Amino acid sequence: MSAVPHSIASTGKWLHKEFVAARPVFVFFLIAFLLQLLIIKLAVAQFFIPVTVLSKAVVGALLAAKAVLILDETRLGRSLERYRPIVAVIFKTLLYGLGTLLLSYLERFLEALHRVGSFDGAIQDMIAQANLYRFFAWILGVTLIFAIYFVLSEINEHMGKGALWSLFFERPNLPADS
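Quick look at the structure, then. (Residues numbered from 1 in each chain as written. Predicted model: local features only at pLDDT ≥ 70, side-chain atom pairs only at ≥ 80, totals over all residues. Heavy atoms only, no water.)

### With respect to the overall build of the chain
What counts here: Numbering of helices and strands starts at the N terminus; helices are DSSP runs of H or I of at least 4 residues and strands are runs of E of at least 2. We call two residues in contact when some of their heavy atoms are within 4.5 Å. Working definition of accessibility: Shrake-Rupley area with a 1.4 Å probe, residue cover restricted to the visible protein chains.
Each helix and strand in the chain was counted, giving seven helices and zero strands. In sequence order, the chain lays out its α and β elements as α-α-α-α-α-α-α. Expressed as a percentage of contacts within the chain between residues at least 6 apart in sequence, the contacts between residues at least 24 apart total 66%. Carbon and sulfur atoms make up 70% of the accessible area of the chain, which amounts to about 13100 Å² in all.

Here is the structure:
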């Protein structure tokens, strides 16, 4: 009988540990994706084109944060440590940019498939509903967000854990006579 409460407690501890590890990355991606949505919304405001809202940014930030943390723990992520940081940043940025492109097409296809009900109809609906400028603006923006994250991550890694945070968010140490 004590095995069940023990497994629930250990699962709770594991979830808490995962949440704490993902929180700063999640907050970064959430703020960045919300800014991306705001920029696109402002850019297309004069054309009265609806743009998806907050839930997409929150889900995207959760997925991005977890994906980034998982990749860093894989053999591929660890093997990138042997190269110059710029190589790791470019590789990860291209990988996540391509992944974003593929997942975006998949999402659009599944929405069209749900709407129309047939494979051929879904492809035709995707082509008919395509707004490539907005679509590629979103992909480019997300890819740049990943690039910024990876650059900041490399800088933080080389400066020491927490150094980037203290550089931007801690009070400067001024001499007493200032």
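### Focus on helix H6 (residues 132–159)
Applicable threshold: Working rule for helices: expected span equals 1.5 Å times residues minus one. In this scheme, a residue with accessible area under 20% of its type's maximum is buried, one over 50% is exposed, and one in between is partly exposed, where area comes from a 1.4 Å probe on protein chains only.
Between its terminal C-alpha atoms H6 stretches 40 Å, which fits the 40 Å expected from 28 residues at 1.5 Å a residue. Within H6 the residues assigned to the buried category are Phe135, Ile139, Gly141, Val142, Thr143, Ile145, Phe146, Ala147, Tyr149, Phe150, Glu154 and Asn156. Just beyond H6, the residue with positive phi is glycine 160, at close to 110°.

### Observations regarding the nonpolar core
Note the following rule: For this analysis, a nonpolar core means a set of buried residues of the types Ala, Val, Leu, Ile, Met, Phe, Trp, Tyr and Cys, connected via side-chain atoms within 4.5 Å.
The biggest cluster of nonpolar side chains holds 20 residues, and the ones touching the most others in it are Phe29, Phe33, Val68, Phe146 and Phe150. Of all the elements in the fold, those that place two or more residues in this core are helix H1 (3–43), helix H2 (54–73), helix H4 (85–116) and H6. At seven residues, the largest contribution of residues to this core is made by H1. In this structure valine 68 touches Phe29, Tyr96, Phe146, Tyr149 and Phe150, once residues within four positions along its chain are discounted.

### Looking at the side chain of glutamine 36
The following threshold applies: Two N or O atoms form a polar contact when they lie within 3.5 Å of each other; inside protein one atom must be a possible hydrogen donor and the other a possible acceptor, and for residues adjacent in sequence the pair counts only when both atoms belong to side chains.
By secondary structure assignment, the location of glutamine 36 is in helix H1. In terms of polar contacts, glutamine 36 uses its side chain to reach the backbone carbonyl oxygen of alanine 137, at 3.3 Å. A polar side-chain atom of glutamine 36 sits 3.5 Å from the main-chain carbonyl oxygen of tryptophan 138. Apart from residues lying up to four places away in sequence, glutamine 36 is in contact with Ala137, Trp138, Gly141, Val142 and Ile145.

### Some thoughts on the packing of aromatic side chains
Short version of the rule: Here a Phe, Tyr or Trp ring, Trp counted by its six-membered ring, pairs with any other such ring whose centre lies within 6.5 Å, and the pair is stacked when the planes are under 30 degrees apart, edge-to-face when over 60, and tilted otherwise.
Within this structure, the stated rule accounts for twelve aromatic pairs. Each ring, one from tyrosine 149 and one from phenylalanine 150, has its centre 5.6 Å from the other, and the planes form 70°; the classification is edge-to-face. The pair tyrosine 149 / phenylalanine 150 is uniform in exposure class, with both members buried. Linked through ring pairs, Phe28, Phe29, Phe33, Tyr96, Trp138, Phe146, Tyr149 and Phe150 together constitute an aromatic cluster.

### What to know about the packing of H4 against helix H5 (residues 119–129)
Spelled out, the test is: Only C-alpha atoms enter the line fits that serve as axes; for helices the fit covers just the stretch in contact. Angles between N-to-C directions range over 0 to 180 degrees. Note on convention: the crossing is left-handed when the near helix lies turned anticlockwise from the far helix by less than a right angle, right-handed when the turn is clockwise. Asp, Glu, Lys and Arg are counted as charged, while Ala, Val, Leu, Ile, Met, Phe, Trp, Tyr, Cys and Pro are counted as nonpolar; the rest, among them Gly, fall into the polar class.
Viewed as axis vectors pointing N to C, H4 and H5 meet at an angle of 115°, and their least axial separation amounts to 8 Å. As H4 packs across H5, the resulting crossing turns out to be right-handed. Here H4 contributes Tyr105, Arg108, Phe109, Ala112, Leu113, Arg115 and Val116 to the contact with H5, which in turn contributes Phe119, Gly121, Ala122, Ile123, Asp125, Met126 and Gln129. Here the contact of H4 with H5 is built from residues that sort into nine nonpolar, two polar and three charged.

### Details of a nonpolar patch on the surface
How we decide: Patches in this entry comprise residues that are over 30% relatively accessible and not in a salt bridge; like charges within 9 Å are linked, as are nonpolar side chains (Val, Leu, Ile, Met, Phe, Trp, Tyr) within 5 Å. We define a salt bridge as a contact between a side-chain nitrogen of Lys or Arg and a carboxyl oxygen of Asp or Glu at a distance within 4 Å.
Together, Ile148, Val151, Leu152, Ile155, Met159, Trp165, Leu167, Phe168 and Phe169 line one region of the surface with nonpolar side chains, adding up to about 920 Å² of accessible area. For the nonpolar patch, the secondary-structure elements that each account for two or more residues are H6 and helix H7 (163–169). The greatest single-element share of the nonpolar patch, amounting to five residues, is contributed by H6. Take tryptophan 165: it is sitting in helix H7. Among the residues examined, tryptophan 165 registers a relative accessible area of 55% and is labelled exposed.

### As for H5
Rules: Each direction from the helix axis to a C-beta atom contributes to the arc, which is the arc of those directions.
Among all positions in H5, only Gly121, Ala122, Asp125 and Met126 are buried. Projected down its long axis, H5 carries its buried residues within an arc of 140°, all on one side. Seen from the open side of H5, the exposed residues pointing more than 90 degrees away from its buried face are Asp120, Gln124, Ile127 and Ala128. Contacts from the buried residues of H5 go to H4. By the N-cap criterion, in which a side-chain oxygen at the helix start approaches the backbone nitrogen of a residue two or three places on, H5 is capped by serine 118, the distance to glycine 121 being 3.0 Å.

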